[in-house]
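Residues per chain are reported as follows:
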Amino acid sequence: MLTFIIRRLVLMVPMLIMLSIISFTIIQLPPGDYLSTYIQRLEAMGQRFNEAEVLALKRQYGLDQPMYVQYLKWMQTVFNGTFGRSFLWQMTVAEVLSTRLPMTIILSFASLIVVWAMAIPIAIISATRHNTLVDYFFTFIGFIGLASPSFLLALVLGWLLYQVSGTMITGLYSQEYVNAPWSVAKFLNLMSNVWFPVIIIGIGGTAGLIRTLRATLLDELGKPYVTTARAKGLSETQLLVKYPIRIAMNPVFSTIGWILPGLINGGVIVGIVLNLQTIGPVLMRATLSQDMYLAGSIVLILSALTIVGTFISDILLAWLDPRIRYGAS
Amino acid sequence: MTTPQPAIELKPERGGEERIFYATQWQLMWWQYRKNRLAFFGMFVLGILYFMAIFAGVLAPYESTERFGGLEMAPPTKIHIRDEEGNLHRPFIYAFDFKVNMDTLRREFVENTSERYPIYFFVASEPHKLMNVIPVKWRLLGTEGAPLFLFGADHLGRDLFSRTLYGSSISMFIGFAAVIVTFLIGISLGGIAGYLGGLIDEVIMRVIDFMTSIPNIPLWMSLAAAIPRDWPVIRTYFAITLILGVISWGGLARVVRGKLLSLREDDFIMAARLYGASVSRLIARYLLPNFMSYLLVNITLAIPGNILGETSLSFLGLGIQPPAVSWGTLLQDSQNLTVVAQRPWQLIPGGFVIVTVLMFNFIGDGLRDAADPYTRG
């Protein structure tokens, strides 16, 4: 097990390096030197810069030095945890994301739980009632979930919710709590809003997981050991819970690798549409105004989180399933 | 699927038992595919949608940029066949009048039933171009006097139905365009990895793992952000295509590699190599035909992903830029819930996105079953 973890950890290093290079490329992509664009924009707005300030900024970013030095300088900011400076917000990227990053992680995690909570029972129902009306209904819903972009789901379901109940969910908190310090009231307020985006973010992943789980379970249900167990007089529920479901649960962990990126994707877009206090809207503003340090850092952070999340799920899977553990090491 | 053998266990279709022995692999696939109703239905619907995209120039009642002053945010026009007295007419519409709702103090549209405006077919119009090339001087639908808004109007008084049709040509073809990029990168990198093996294979596989494990929306957004806003439409289109394609080749490359790895050990490849076939002949004549069907399935399932990608990017304002229209840019108008609550018809292009993606998935699933000889029977 330990060798498996170490092997995985070693594999993660080149991935993270590759990721940092891609993120740095993103920062460098817009034509022209971003500092001069930035100074131009500020001067157009009436702000003045003196030579010394510009020089100081230039030196800070190493703009007068070759590309690899700039990359190393940026990596330095990554390792000291500031991630460089956002031109748009006038603070370090770490400060911009300080409250939004935890919220994003919490939302993604909650969505993952929702994905499981929805997919597992539905898949079991669909598989055990194979080719019935219930099965067709969920298959249909699943297909729709798979085909709808998450922003559209947010808009349509948000509109339906508004039509039915008259409440419009925008943001994670009501107006009066946005800047308030944490309190029980703020927490309750968050809870009364957060379920909606969490479900929407989860729907896309749910549809995919249902398909995989249902197929695995159907395979298992056709196997001779199920017939044997049935012949021995086990009740249907007992039989189901005891053998096939336990085996069919493997995809729950093995699919984290592709569900997690999907949840991050959905979280970003749903965050923008519903104006949540997550990373989504910040990334949106950063990209629209070409604040590339912020955008590049967000790509780096979100992707690194996904890679780490997948790593954890791999370890969980290896712990659950000895075939993987021994096959790999 | 190792050798191109006839599937003997296949049930004969009409035309006798021998037919399947002479059938090519593609014929066998087609016969199998035809049995899948959902996949067949998908092909039919997509056929209609592509037809609409290609002939948007005559099917749309108006140009995509034509504005109707005073009719900003007008709801979809109702088509009537009975007038107020209950008399039957050819399909007609009423013009809109404004009324201020005294409760909400909002301007509302009401139908002015005093005059009927019939809908005509094949009406003469200003000369314009079909697919930007063929000059035409007619449109399928038209009214005189009051505009026909089948899907309502947007905040600038432009007909949403016409815009949806024009938008479909960008949205529905960008999927194909991006898949070509995906295909080229995927097949060459997957091919190299599978054919050469060893260290190169290991490196390429790690890159594929990496590409499939990072979330693509933030990456797409940041890459799209680097496209200068003042680029001409065509250039933006190609840039977006490239961005979509460059990121999503991982899955395809993995399939190509896996198939090549298993095929290159096969006896018939060994035989071909022994009689002296060159590498290019080996690949083109023996390897490629053997997994072409798998590629087809993969490509079909990759197209909807690209369509969704373009829609999301354009929705966020990072993709196709106005005055060009795509389904994503149309949905951009309804970026927040307040707008949707007031003008729900602005979400109609989203329905087109869902249907298109759904149909591609049906076709892909059907192809997958058809390409797999073990499901035949």
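Residues numbered from 1 in each chain as written. Chains lettered and ligands numbered in written order. Predicted model: local features only at pLDDT ≥ 70, side-chain atom pairs only at ≥ 80, totals over all residues.

Peer 1: Got a minute to help me understand the overall build of chain A in this structure?
Peer 2: Broken down by element type, chain A carries 17 helices and 2 strands. Seen through its principal axes, chain A has C-alpha atoms that stretch 85 × 55 × 35 Å. For chain A, the residues scored as buried account for 35% of the 329 residues in total. Sequence-distant contacts, at least 24 apart, represent 71% of the contacts inside chain A between residues at least 6 apart. (Helix = DSSP H or I, 4+ residues; strand = E, 2+ residues; numbered from the N terminus. Buried ≥ 20, exposed ≤ 12 C-beta atoms within 10 Å, placed from the backbone. Contact = placed C-beta atoms within 7 Å.)

Peer 1: Quick question: what am I supposed to make of the overall build of chain B here?
Peer 2: Counting its regular elements, chain B contains 14 helices and 4 strands. Taking the principal axes of the C-alpha coordinates as reference, chain B spans close to 85 × 55 × 40 Å. When the 377 residues of chain B are sorted by exposure, 38% land in the buried category. A separation of at least 24 residues holds for 70% of the contacts in chain B among residues at least 6 apart in sequence.

Peer 1: Where do I start with the interface of chain B and chain A in this structure?
Peer 2: Accessible area lost upon the coming together of the parts serves often as the stated size of an interface. Listed as interface residues are 35 residues of chain B and, on the opposing side, 45 residues of chain A. Contributions of two or more residues to the side of chain B that touches chain A are made by α6 (198–213), α7 (216–225), α11 (279–315), α13 (337–342) and α14 (348–371) of chain B. With 8 residues, the single largest contributor to the side of chain B that touches chain A is α7(B).

Peer 1: Is there a simple way to explain the sheet that holds strand β4 (residues 134–143) of chain B in this structure?
Peer 2: The strands that make up a sheet are held in pairs by hydrogen bonds between backbone atoms, and each pair lies either parallel or antiparallel. Residues and elements named next belong to chain B. Sheet architecture is open: 4 strands sit in the order β1-β2-β3-β4, paired in antiparallel fashion. Strand pairing shows two members of the sheet lacking a second neighbour, β1 (80–82) and β4, which therefore form its edges. Each strand of the sheet is rotated relative to its neighbour by a mean of 50°, with strand direction disregarded. (Pairing = 2+ DSSP bridges. Axes fitted to C-alpha atoms, helices over the stretch in contact; angles between N-to-C directions.)

Peer 1: What is the right way to read helix α10 (residues 224–231) of chain A from this model?
Peer 2: Owing to its 3.6 residues per turn, the α-helix aligns residues three or four sequence positions apart on the same side. When you tally the buried positions in α10(A), you get 0 out of 8 residues, a small fraction of the element. Immediately downstream of α10(A), the backbone of Gly233(A) shows phi near 95°, a positive value.

Peer 1: Please clarify how the environment of Val58(B) should be interpreted in this entry.
Peer 2: Residue and element names in this part refer to chain B. By the element assignment, Val 58 lies in helix α4 (residues 56–59). In this structure, the C-alpha to C-alpha distance between Val 58 and Ser 326, residues 268 residues apart in sequence, is 18 Å. Discounting residues that sit within four places of it in the chain, Val 58 has contacts with Leu 130, Val 136, Trp 138, Arg 139 and Leu 140.

Peer 1: Sorry if this is basic, but what is going on with the pairing of β4(B) here?
Peer 2: Here is the key point about a regular strand: its side chains alternate between the two faces of the sheet. Residue and element names in this part refer to chain B. Both strand β3 (residues 107–130) and β4 contribute to a ladder of 8 bridges, which runs antiparallel. The residue bridging Val 123 from the neighbouring strand is Arg 139, located in β4. Counted along the chain from β3 to the antiparallel partner β4, the turn is 3 residues long, and its residue Met 131 has a positive phi close to 55°.

Peer 1: I would appreciate a short explanation of unusual backbone geometry in the present structure.
Peer 2: Negative phi characterises most residues that are not glycine, and trans characterises most peptide bonds. Cis peptide bonds are those with omega within 30 degrees of zero, and the linkage from Pro322(B) to Pro323(B) qualifies with 10°. By the secondary structure assignment, Pro323(B) is in the loop between α11 and α12 (327–332). Even without being a glycine, Phe83(A) presents a positive backbone phi close to 60°. Mapped onto the elements of the fold, Phe83(A) is located in the loop between α4 (67–79) and β1 (85–86). Phe83(A) sits in the buried class, given 24 other C-beta atoms within 10 Å. The backbone of Asn131(A) sits at a positive phi, close to 60°, despite the residue not being glycine.

Peer 1: What is the right way to look at the packing of helix α8 (residues 150–165) of chain A against helix α14 (residues 256–273) of chain A in this model?
Peer 2: Any two packed helices are characterised by how steeply their axes cross, that is the angle between the axes, and by the distance between the axes. Residue and element names in this part refer to chain A. Packing of α8 against α14 brings their axes to within 8 Å, and their N-to-C directions diverge by 40°. With respect to α14, the element α8 is oriented oblique. The way α8 lies across α14 gives a crossing that is right-handed. Contacts from Ser 150, Phe 151, Ala 154 and Leu 155 of α8 reach α14 at Gly 266, Ile 269, Val 270 and Val 273. The residue makeup of the contact of α8 with α14, split by class, is 6 nonpolar, 2 polar and no charged. (Parallel < 35°, antiparallel > 145°, perpendicular 65-115°, else oblique. Left-handed = near helix turned anticlockwise from the far one by under 90°. Nonpolar A, V, L, I, M, F, W, Y, C, P; charged D, E, K, R; others polar.)

Peer 1: I tried to follow the domain arrangement of chain B on my own but got confused; where do I start?
Peer 2: Residue and element names in this part refer to chain B. Domain parsing of chain B yields domain 1 (40–54 + 164–375) and domain 2 (56–158). When each unit is reduced to the centre of its C-alpha atoms, the spacing between domain 1 and domain 2 is 37 Å. The interface is formed by 15 residues belonging to domain 1 together with 13 residues belonging to domain 2. Only α3 (37–54) and α5 (160–196) provide two or more residues apiece to the side of domain 1 that touches domain 2. Of all the elements, α5 adds the most residues to the side of domain 1 that touches domain 2, at 5 residues. Looking at the side of domain 1 that touches domain 2 residue by residue, the classes come out as 9 nonpolar, 4 polar and 2 charged. (Domains from an automatic or database assignment.)

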